[in-house]
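Letter by letter, the chains look like this.
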Amino acid sequence: MTSLSSTTALAPPLPSPTISRRRTTSIRAQSISLPDPHPNPNSPPPSSITGVDKLRHTIMAVPDERTKRIAKEVEKMKSKEAKERKEMTNRKVASQKAVSVILRREATKALIDKRRKKGPVNSKKLLPRTVLEALNERIAALRWESALKVFELLREQLWYRPFEGVYIKLIVMLGKCKQPDKAFELFQAMVDEGCVLDCESYTALLAAYGRSGLLDKAFSLLEEMKSTPGCKPDVQTYSILIKSCLQISAFDKVQSLLSDMATLGIKPNTVTYNTLIDAYGKAKRFSEMESTILEMLAEQDCQPDVWTMNSTIRAFGNLGQIETMEKCYEKFQASGIQPNVQTFNIFLDSYGKARDFTKMSAVMEYMQKYHYSWTIVTYNIVIDAFGKAGDLKQMEYLFRLMRSERIKPSCVTLCSLVRAYAHAGKPEKVGGVLRFVDNSDVTLDTVFFNCLVDAYMRLDCLDEMKGVLEIMELKGCKPDFLTYRTMIKAYSSKGMHSHVKELKELLATVKKPPLERNKPDF
């Protein structure tokens with residue numbers, strides 16, 4: 001893989017996941033070819049079958065294939081009945097234990113509430129396991145306010161001793177929740193309680209600053225680490241700071257950090273290179289991306305992996321350079337890197353945007369043949385593709401199939417449905433999506449409501465569009481710049497100047513978004 005731009009003979013871009021090197025007959029879909037270990041010599045040529053028809057046939061074949069597999073497993077089910085009865089008994093015992101755990105956690109919560117409302121209570125003799133379970137549960141759920149309350153209760157226990165690991169977990173959580181000031185308070189509490197500071201604790205605080213865009217504080221902390229004995233920054237520290245810089249496209253600072261690493265003798269690892277490759281690809285800086293890959297290949301202890309491959313092919317796929325994407329994939333494949341579900345999702349997304357339904361069908365057949373389970377990302381991509389193609393019947397079928405597989409739809413799924421119905425001129429279907437939302441626990445965001453406002457504007461349903469603001473208030477979502485701007489556009493086209501004036505006053509109260517908007521994550 002000397003260069004991404006060089007050309008080679010086309011190899012099958014979706015190889016068999018087995019290690020075996022046996023020759024197989026391949027099914028070709030234009031320039032993409034898929035291996036078929038059991039070819040049918042009597043199969044007719046795909047003469048007049050269109051890409052959409054083939055994709056529809058592939059979709060319909062998915063449940064048929066599942067039915068066959070279920071039929072084969074019927075005999076096995078009989079032998080498992082005794083085992084299932086035993087498991088049922090074990091589950092009952094486990095449920096009883098789980099109830100005990102829940103009761104302990106609720107008791108801890110009640111003590112916290114009493115402490116807040118009625119003043120100090122005798123809560124200094126709680127069992128360590130009870131408090132630590134409650135704390136870990138809140139950290140994992142990113143419930144930072146509740147986690148800090150439990151931590152205060154933890155510090156009041158008679159058996160409490162300061163432990164660096166608990167502090168670091170809390171600081172990392174606060175960084176993810178974008179609470180850098182709270183993270184610094186905990187870091188200072190570590191110092192006050194006599195905890196030994198090391199590279200990991202400094203890196204946790206640095207990551208909290210970086211996630212919130214406080215790069216000046218992050219760089220200042222980096223300099224402090226260099227002068228503190230036993231806290232020298234390592235490759236993870238630099239990788240986190242590089243990622244923070246790349247998130248705001250501060251490429252000049254990234255080069256400074258890489259030079260700093262070279263001066264200190266710190267070599268980038270696979271995570272560092274993958275972060276750079278992904279950011280360069282999203283920024284369409286392909287020369288830097290290619291040079292980073294070549295530099296990575298020159299390192300004997302740092303080889304590309306599937307994340308390297310996915311970042312590279314996603315960059316070209318998003319740009320619509322399908323042929324280059326496939327050639328890059330072939331080069332990574334030749335080096336022994338095997339694809340994963342994310343790889344196939346990138347192919348589906350890229351082919352869907354290019355309206356190449358034949359290749360989408362080929363990828364889906366491959367995933368089905370080698371038992372790659374569809375994820376919510378896969379469903380979102382294919383639902384969106386059918387919606388943009390105007391095939392509402394197949395889009396709705398996939399949505400039902402998704403729910404039958406017990407995969408919970410996301411806001412991305414709902415946005416695809418709403419956009420498709422709006423372009424098809426079906427306001428009653430948009431109302432159906434809202435009824436589904438009312439009867440589900442899908443967490444809605446402002447992006448979904450903006451999509452809903454845009455749909456009603458296209459459908460000329462101004463009363464329903466105005467009602468979206470009321471729904472947003474009920475759901476706890478605040479309108480943003482795009483919400484008001486879309487509504488102003490709709491009212492202006494109808495000459496409703498009083499509504500336009502009112503909305504312009506509200507528009508002045510919200511922050512204008514940046515010029516470059518991040519691509520939504522499927």
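Residues numbered from 1 in each chain as written. Predicted model: local features only at pLDDT ≥ 70, side-chain atom pairs only at ≥ 80, totals over all residues. Heavy atoms only, no water.

Student: Report on the nonpolar core, specifying residues and quantitative values.
Tutor: One finds Leu135, Phe151, Leu170, Leu414, Phe448, Leu452 and Met465 to be the most contacted residues of the largest nonpolar core, which totals 142 residues. Residue contacts for Leu452: discarding those within four places in its chain leaves Val418, Val430, Leu434 and Val468. (Core = buried A, V, L, I, M, F, W, Y, C linked by side-chain atoms within 4.5 Å. Buried < 20%, exposed > 50% of the residue type's maximum accessible area, 1.4 Å probe, protein only. Contact = heavy atoms within 4.5 Å.)

Student: Quick one: what's the story with the side chain of Thr237, residue by residue and with numbers?
Tutor: Within the fold, Thr237 resides in helix H9 (residues 235-247). Residues in contact with Thr237, not counting those within four places in the same chain, are Cys199, Thr203, Leu206, Leu222 and Met225. (Helix = DSSP H or I, 4+ residues; strand = E, 2+ residues; numbered from the N terminus.)

Student: Which residues make up the packing of aromatic side chains, and what are the values?
Tutor: For the coordinates displayed, the defined rule picks out 13 aromatic pairs. Taking the centre distance of 4.9 Å and the plane angle of 10° together, the rings of Phe286 and Phe316 count as stacked. Taken together, the residues span a long stretch of sequence, with Phe286 in helix H12 (residues 286-298) and Phe316 in helix H13 (residues 306-318) at a distance of 30 residues. The residues Phe286 and Phe316 share a single accessibility class, namely buried. (Phe/Tyr/Trp six-rings, centres within 6.5 Å; stacked < 30°, edge-to-face > 60°.)

Student: Describe the packing of helix H18 (residues 392-404) against helix H19 (residues 411-423), and please don't skip the residues or the numbers.
Tutor: Two elements in contact, H18 and H19, have axes whose closest approach is 11 Å; the angle formed by their N-to-C orientations is 160°. Accordingly, the angle class assigned to the pair H18 and H19 is roughly antiparallel. The way H18 lies across H19 gives a crossing that is left-handed. Along its contact with H18, which presents Leu392, Met395, Glu396, Phe399 and Met402, the element H19 presents Thr413, Ser416, Leu417, Ala420 and Tyr421. Looking at the contact of H18 with H19 residue by residue, the class counts come to seven nonpolar, two polar and one charged. (Axes fitted to C-alpha atoms, helices over the stretch in contact; angles between N-to-C directions. Parallel < 35°, antiparallel > 145°, perpendicular 65-115°, else oblique. Left-handed = near helix turned anticlockwise from the far one by under 90°. Nonpolar A, V, L, I, M, F, W, Y, C, P; charged D, E, K, R; others polar.)

Student: Can you tell me about unusual backbone geometry, naming the residues and giving the values?
Tutor: What is expected of a backbone is that most residues other than glycine have negative phi and most peptide bonds are trans. The phi angle at Leu142 is positive, at roughly 60°, despite the residue not being glycine. Mapped onto the fold, Leu142 is located in the loop between helix H3 (128-140) and helix H4 (144-155). Residue Leu142 is classed as partly exposed on the basis of its relative accessible area, which comes to 38%. Its identity is not glycine, yet Arg355 carries a phi of approximately 60°, on the positive side. For Arg355, the location among the structural elements is in the loop between helix H15 (341-353) and helix H16 (357-369). Here Arg355 falls in the partly exposed class, since its relative accessible area comes to 47%.

Student: How would you sum up H3? Please name residues and give values.
Tutor: The terminal C-alpha atoms of H3, which comprises 13 residues, lie 18 Å apart, in line with the 18 Å expected from a rise of 1.5 Å per residue. All of the buried residues along H3 are Thr130, Val131, Glu133, Ala134, Leu135, Arg138 and Ile139. (Expected span 1.5 Å × (residues − 1).)

Student: Account for a positive patch on the surface, with residues named and values stated.
Tutor: Taken together, the side chains of Lys176, Lys178, Arg211 and Lys243 define a basic patch exposed on the protein surface. If you trace the backbone, Lys176 turns up in helix H5 (residues 164-176). You can call Lys176 partly exposed: its relative accessible area is 45%. (Patch = residues over 30% accessible without salt bridge, like charges linked within 9 Å, V, L, I, M, F, W, Y side chains within 5 Å. Areas by Shrake-Rupley, 256 points an atom, 1.4 Å probe, with all protein chains shown as cover. Salt bridge = Lys/Arg side-chain N within 4 Å of Asp/Glu carboxyl O. Lys, Arg positive; Asp, Glu negative; His and termini not counted. Charge placed at Lys NZ, Arg CZ, Asp CG, Glu CD.)

Student: Tell me about H19, and name the residues and values.
Tutor: With 13 residues, H19 ought to run about 18 Å at 1.5 Å a step, and its terminal C-alpha atoms sit 18 Å apart, in line with that. The element H19 is extensively covered by neighbouring structure, given that 10 of its 13 residues are classed as buried. For H19, every residue scored as buried is listed here: Cys411, Thr413, Leu414, Cys415, Ser416, Leu417, Val418, Ala420, Tyr421 and Ala422. Each element contacted by the buried residues of H19 is listed here: helix H17 (376-388), H18, helix H20 (427-438) and helix H21 (446-458). Gly425 lies just past H19 and shows a positive phi near 70°.

Student: Can you lay out the packing of H13 against helix H14 (residues 322-334) for me, pointing to particular residues and giving the numbers?
Tutor: Where H13 meets H14, the axes come as close as 8 Å, and the angle between the chain directions of the two elements is 165°. Of the possible angle classes, the one that applies to H13 and H14 is roughly antiparallel. Pair H13 / H14 crosses with right-handed handedness. Along its contact with H13, which presents Thr308, Met309, Thr312, Ile313, Phe316 and Gly317, the element H14 presents Thr324, Met325, Cys328, Tyr329 and Phe332. Its residues placed into classes, the contact of H13 with H14 shows seven nonpolar, four polar and no charged.

Student: Mind laying out the pattern of salt bridges, listing which residues take part and the relevant values?
Tutor: Two side chains of opposite charge can pair, provided their charged atoms sit close to one another. Enumeration over the complete set of coordinates arrives at 18 salt bridges. Between Lys359 and Glu326 there is a salt bridge, and its shortest N-O distance comes to 3.0 Å. Here Lys359 is found in helix H16, whereas its partner Glu326 is found in helix H14, with 33 residues between them in sequence. Note on accessibility: Lys359 and Glu326 belong to one class, buried.

Student: Explain the environment of Val131 residue by residue, including any values.
Tutor: Take Val131: it is sitting in helix H3. Residue class for Val131 comes out buried when judged on its relative accessible area of 1%. Through-space distance from the C-alpha of Val131 to that of Phe151 is 8.3 Å; in sequence the pair is 20 residues apart. Setting aside residues up to four positions removed in sequence, Val131 forms contacts with Leu126, Val150, Leu154 and Trp159.

Student: Lay out the side chain of Ser201 with the relevant residues and their values.
Tutor: Inspection of the secondary structure puts Ser201 in helix H7 (residues 199-211). Looking at Ser201, the relative accessible area reads 0%, which means it is buried. A polar atom in the side chain of Ser201 sits 2.8 Å from the backbone oxygen of Asp198. (Polar contact = N/O pair within 3.5 Å; in protein donor to acceptor, adjacent residues only side chain to side chain.)

Student: Lay out the environment of Asp198 in plain terms, naming residues and giving numbers.
Tutor: Along the chain, Asp198 turns up in the loop between helix H6 (180-192) and H7. Classification of Asp198 as partly exposed rests on a relative accessible area of 30%. Taking the C-alpha atoms as reference, Asp198 lies 9.4 Å from Glu164; in sequence the two are 34 residues apart. Leave out the neighbours within four places in its chain, and Asp198 touches Gly230 and Cys231.

Everything listed here is a matter of geometry and, on its own, says nothing about what the molecule does.
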